[in-house]
Amino acid sequence: QVQLVESGGGLVQAGGSLRLSCAGSGRTFSSYAMGWFRQEPGKEREFVAAISWSGGSTYYGDSVKGRFTISRENAKNTVYLQMNSLKPEDTAVYYCAADRLPIVGVHTTLPEYDYWGQGTQVTVSS
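These numbers come from a predicted model, not from an experiment. Starting from 1, residues in each chain are numbered consecutively following that chain's sequence as written. The model is predicted, so local features are restricted to residues of pLDDT at least 70 and side-chain atom pairs to those at 80 or more, both for listing and for counting; the totals for chains, interfaces and linings are taken over all residues. Hydrogens and waters are ignored; side-chain quantities use all the structure's heavy atoms.

Structural notes on the nonpolar core
Part 1 of the argument: Counting residues in each nonpolar core, the largest one holds 24 residues, and the members touching the most others are Met34, Trp36, Val48, Phe68, Leu81, Met83 and Tyr94.
Part 2 of the argument: Helix numbers and strand numbers start at the N terminus; a helix is a DSSP run of H or I with at least 4 residues, a strand a run of E with at least 2. Where this core is concerned, the elements lending two or more residues are strand E3 (18-25), strand E4 (32-39), strand E5 (46-51), strand E7 (68-73), strand E8 (78-83), strand E9 (92-102) and strand E11 (120-125).
Part 3 of the argument: The element that contributes the greatest number of residues to this core is E9, accounting for four residues.
Part 4 of the argument: Contacts between residues were defined by any pair of non-hydrogen atoms, one from each residue, lying within 4.5 Å. Setting aside chain neighbours within four positions, we find valine 48 in contact with Trp36, Phe37, Arg38, Tyr59, Tyr60, Gly61, Val64, Phe68, Leu81 and Tyr94. Side-chain atoms within 4.5 Å link the members of a nonpolar core, which is a set of buried Ala, Val, Leu, Ile, Met, Phe, Trp, Tyr and Cys residues. Three exposure classes are used, based on accessible area relative to the maximum for each residue type with a 1.4 Å probe and protein chains only: buried under 20%, partly exposed in between, and exposed over 50%.

Pasting the structure below:
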């Protein structure tokens, strides 16, 4: 059974930092690109960042470029999202996801991902 479990969310003041983790099991996640998305109540899920299976390529949404960093440790089947200079508009539930196909390029759209975690809440106070 494939599972993705996020952790590391919480409440932080504007300008602060958080690091999210996503631990995978039930699949060789080291062969798959991984992504982070976020969703606010009543809004569509939004692309945040993605990383290739090797970690050699990364992509970011425009709203988080220069503030967030995605990384991975394949030996631990874990992907991270380091979030710095947080803003109130970063408040959302953050989800990690695994790409549908192994050893392919990095994707930024939801249909390209087939496994999702349960999400972790990030709240940034002003």
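Now that the structure is up, let's keep going.
Considerations on the environment of tyrosine 32
Part 1 of the argument: Secondary-structure assignment places tyrosine 32 in strand E4.
Part 2 of the argument: When the C-alpha atoms of tyrosine 32 and leucine 11 are compared, they prove to be 30 Å apart, with 21 residues separating the residues in sequence.
Part 3 of the argument: Once you skip the residues sitting within four places of it in the chain, tyrosine 32 turns out to touch Arg27, Trp53, Arg72, Asp99, Arg100, Leu101 and Pro102.

Overview of the pattern of salt bridges
Part 1 of the argument: The term salt bridge refers to a pairing of a side-chain nitrogen on Lys or Arg with a carboxyl oxygen on Asp or Glu at a separation within 4 Å. All told, the structure shown has seven salt bridges when counted by the stated rule.
Part 2 of the argument: In this structure, glutamate 40 and lysine 43 form a salt bridge, with 3.8 Å as the shortest nitrogen-oxygen distance.
Part 3 of the argument: For lysine 65, the salt bridge identified is with aspartate 62, shortest N-O distance 3.2 Å. You'll find lysine 65 and aspartate 62 in the same group, each marked exposed.
Part 4 of the argument: Here the salt bridges share partners, and the residues they tie into one network are Arg38, Glu46, Arg67 and Asp90.

Remarks on unusual backbone geometry
Part 1 of the argument: A positive phi angle is found at asparagine 77, which is not glycine, with a value near 50 degrees.
Part 2 of the argument: Mapped onto the secondary structure, asparagine 77 falls in the loop between E7 and E8.
Part 3 of the argument: The residue serine 85 is not glycine, and still its phi comes out positive at about 50 degrees.
Part 4 of the argument: Look at serine 85 and you get partly exposed, because its relative accessible area is 40%.

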